[in-house]
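In case you want the letters, here they are:
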Amino acid sequence: MSRLINETHDPKLKSWVESANDPNTDFPIQNLPLGVFKSRSSNEPPRVGVAIGNQILNVKACSEAVHFDKLAAEAVRACAGSSLNSLMAPGTEHCSALRERLSRLLRADSKEYKSNKKTLEKCLVPMDSAQLLLPVEIGDYTDFYSSIHHATNVGSMFRPDNPLLPNYKYVPIGYHGRSSSIVVSGTSVRRPNGQTKDDDAQEPFFGPCRLLDYELEVGFFVGPGNSIGEPIKIKDAENHIFGLCLLNDWSARDIQKWEYQPLGPFLGKSFATTLSSWVVTMEALAPFRNGVFKRADNDPKPLPYLDIAEDQEHGGIDLTLEVFITSEKMRNQKMVPMRLSQGNFKDMYWTIAQMLTHHASNGCNLRPGDLMGSGTVSGATKDSRGCLLELASRGSEPIQLPSGEARRFLQDGDEVIMHAYCQRQGFRRIGFGECRGPVLPASNKTT
Ligand code: CA
């Protein structure tokens, strides 16, 4: 259902919010992503908002200004709190009704706007005067490993003769992450301290991470959950997915390397994860379901519980992802951020439906607002590698910055900025906003 194209996707739609008609905006009227914001100038509690151009539509204020009925009215009531969780729980129909209602209200030719101009304009808050907050109360967070290119590149550094482990083409691999340290875009991230051990050293030592990295990922949120003991069929999986955001899975490679065997990632990952502020709904992404990873002829078919034709044909999302970096020196010299890589989410080996279905296949209950990360999005080419470990080939091929500096891994004062957008002939381009995180020095309060 969320894959169907409807009137809200019409590329000809324009909004009375002028900035939404700018061809370069991430937030035209065809997008309408949801988030949570707080005005910088008032003591009002955080509110659910919808991004439109360079403005935020305050959903609660809007519901007081004009009439909402039926499912849209229920959806608006679910937006009364200060997170999206209540809106995520009931399912895609509510969200879809809200989208249709807001799309009609925000159109340039809206009669309601013409008769309520002043009241409706008061429902807008300029994005640059608002503080964007984490949009969801995240109960559980799981991170997958769904790019075969990333898994092969990283695997070949540790096992040149046998980069992919035998389970990879059968199991959507993941680990349970930490939700307490998930932060919203713009939040500074402190370099972690931890145990590391140099290859030629006898003993490990404790101190600041020396191999700090980012991972470019797509996050997706669970909408309606499932009961414990009740798996989710793959044909129903997307009805349990609310929407997507950008995710930076900060990684301390030296801590990770020393600790990951035998139980997988732990403190090398749990110190911080950054999310973009806006959640792009599955419905907004409907026009961009036009690409999916094709398995090699000699690859095994997914096991039946992960395999339906519809998902194999339309389960991918044609979403371009980019990572930029600025160093302190670059900012001092007023240099623009440098693009490190560009990849595409359709190149993932596992679809979001397969990841979700696999997660619930043992009867594990997923709850509204749970977050899943896709795993680092890397493509087949070198310029599409989604982390520094891969881009700089484990430090052996440093990245040259325009300031004359070189980077093997991240330095204090660096800032990592991720962007994503969908673009397709015949449709309006939509974007995800940014996922930004500056790196602070490690804490010295360790002993
Ligand atoms: Ca990851």
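Treat the numbers as computed from the prediction; the structure is a model and nothing was measured. (Residues numbered from 1 in each chain as written. Predicted model: local features only at pLDDT ≥ 70, side-chain atom pairs only at ≥ 80, totals over all residues. Heavy atoms only, no water.)

**Notes on the coordination of the calcium ion**
Worth spelling out the cut-off: The donor definition counts N, O and S atoms within 2.8 Å of each metal and applies 3.2 Å to Na, K and Ca; water is not among these atoms, so some sites may look incomplete. Whether a residue is buried, partly exposed or exposed follows from its accessible area with a 1.4 Å probe, protein chains only, as a fraction of its type maximum: under 20%, in between, or over 50%, in that order.
For the calcium ion, the protein coordination sphere consists of Asp143 (OD), Glu215 (OE), Glu217 (OE) and Asp249 (OD), at 2.2 to 2.4 Å. With relative accessibility at 4%, the residue glutamate 215 sits in the buried group. Given a relative accessible area of 0%, glutamate 217 falls into the buried group.

**Description of a nonpolar patch on the surface**
The test is simple: By definition, no residue in a patch forms a salt bridge, and every one has over 30% relative accessible area; like charges are joined within 9 Å, nonpolar side chains (Val, Leu, Ile, Met, Phe, Trp, Tyr) within 5 Å. Computed with the Shrake-Rupley method and a 1.4 Å probe, the accessible areas treat only the protein chains shown as cover for residues. For salt bridges, the criterion is a side-chain nitrogen of Lys or Arg within 4 Å of an Asp or Glu carboxyl oxygen. Secondary structure elements follow DSSP: runs of H or I no shorter than four residues count as helices, runs of E no shorter than two count as strands, and numbering proceeds from the N terminus.
Together, Tyr170, Leu303 and Tyr305 make up a nonpolar patch on the protein surface, roughly 260 Å² of accessible area in all. Position of leucine 303 among the secondary structure elements: in the loop between strand E17 (280-281) and helix H9 (309-314). Judged by relative accessible area, leucine 303 falls into the partly exposed class, the value being 38%.

**Topic: the environment of aspartate 199**
Our working rule: In the analysis that follows, any N or O atom pair within 3.5 Å is treated as a polar contact, provided that within protein one partner can donate a hydrogen and the other can accept it, and provided that, for residues neighboring in sequence, both atoms belong to side chains.
Along the polypeptide, aspartate 199 turns up in the loop between strand E10 (193-196) and strand E11 (205-208). Judged by its relative accessible area of 64%, aspartate 199 falls in the exposed class. In this structure the C-alpha to C-alpha distance between aspartate 199 and tryptophan 258, which are 59 residues apart in sequence, comes to 9.8 Å. Among the polar contacts made by the side chain of aspartate 199, one reaches the side chain of lysine 257 at a distance of 2.7 Å.

**A look at helix H7 (residues 148-158)**
Summarising burial for H7: eight of the 11 residues are buried, a large majority. Listing the buried residues of H7 in full gives Ile148, His149, His150, Ala151, Asn153, Val154, Gly155 and Met157.

**Observations concerning the domain arrangement of the chain**
Rules: Here the bounds of each domain stem from an automatic or database domain assignment. Two residues qualify as a contact provided that any one of their heavy atoms is within 4.5 Å of a heavy atom in the partner residue. Computed with a 1.4 Å rolling probe, the buried area is the accessible surface lost when two parts are put together, summed over both parts.
When cut into domains, the chain gives domain 1 (7-133) and domain 2 (141-440). Using C-alpha coordinates to define each centre, domain 1 is positioned 29 Å away from domain 2. Contact with domain 1, which involves 35 residues of that partner, is made by 27 residues of domain 2. With both chains or domains summed, domain 1 and domain 2 bury close to 2,400 Å², and 62% of this area falls on carbon and sulfur atoms. At the boundary of domain 1 with domain 2, the tally comes to two salt bridges. For aspartate 26, the salt bridge goes to arginine 429, with nearest N and O atoms at 3.1 Å. Secondary-structure elements contributing two or more residues to the side of domain 1 that touches domain 2 are strand E1 (34-39), strand E2 (47-52), helix H3 (85-88), helix H4 (92-106) and strand E5 (130-133). Per-element accounting of the side of domain 1 that touches domain 2 gives the leading share, four residues, to H4.

**Quick word on the nonpolar core**
Here is the rule we go by: Take the buried residues of types Ala, Val, Leu, Ile, Met, Phe, Trp, Tyr and Cys, join any two whose side-chain atoms come within 4.5 Å, and each joined set is a nonpolar core.
Counting 63 residues, the largest nonpolar core has Leu244 and Phe345 as its most contacted members. Looking at which element gives the most residues to this core, the answer is helix H11 (residues 352-360), with five residues. Each residue touching phenylalanine 345, except ones within four places of it in the same chain, is listed here: Val218, Leu244, Ile317, Leu319, Leu321, Ile352, Ser374 and Val377. Counting residues in hydrophobic clusters, the runner-up holds 48 residues, among them Leu105, Leu133, Tyr175 and Leu247.

**Quick notes on the pairing of strand E24 (residues 430-440)**
A regular strand carries its side chains on alternate faces of the sheet. Note the cut-off: The criterion for strand pairing is that DSSP finds at least two bridges linking the strands in question.
Across the 11 residues of E24, eight count as buried, placing the element largely inside the fold. Pairing of strand E9 (residues 189-190) with E24, which is carried by two bridges, proceeds in the parallel orientation. From the neighbouring strand, valine 189 faces E24, where its bridge partner is valine 439.

**A short note on the side chain of histidine 149**
The residue histidine 149 is located in helix H7 in this model. The exposure class assigned to histidine 149 is buried, which follows from its relative accessible area of 19%. Leaving out residues up to four positions away in the same chain, histidine 149 has contacts with Phe293, Asp347, Ser378, Gly379, Ala380 and Glu390.

**Details of helix H2 (residues 70-78)**
Listed in full, the buried residues belonging to H2 are Ala72, Ala73, Ala75, Val76 and Ala78. Here the buried face of H2 lies against helix H1 (59-65), H3 and H4.

**What about the sheet that holds E2?**
Strand-to-strand pairing in sheets goes through backbone hydrogen bonds, with the strands running parallel or antiparallel. The following threshold applies: Note on geometry: axes are C-alpha line fits, over the in-contact stretch for helices, and angles between N-to-C directions span 0 to 180 degrees.
The five strands lie next to each other as E4-E3-E2-E1-E5, forming an open sheet whose pairing is antiparallel. At either margin of the open sheet sits one strand with a lone partner, and together these are strand E4 (124-126) and E5. Averaged over all pairs of adjacent strands, the angle between their axes in this sheet comes to 45 degrees, without regard to strand direction. Across three bridges, strand E3 (residues 55-58) lies against E4 in antiparallel orientation. Across the sheet, residue leucine 57 finds its bridge partner in E4, namely leucine 124.

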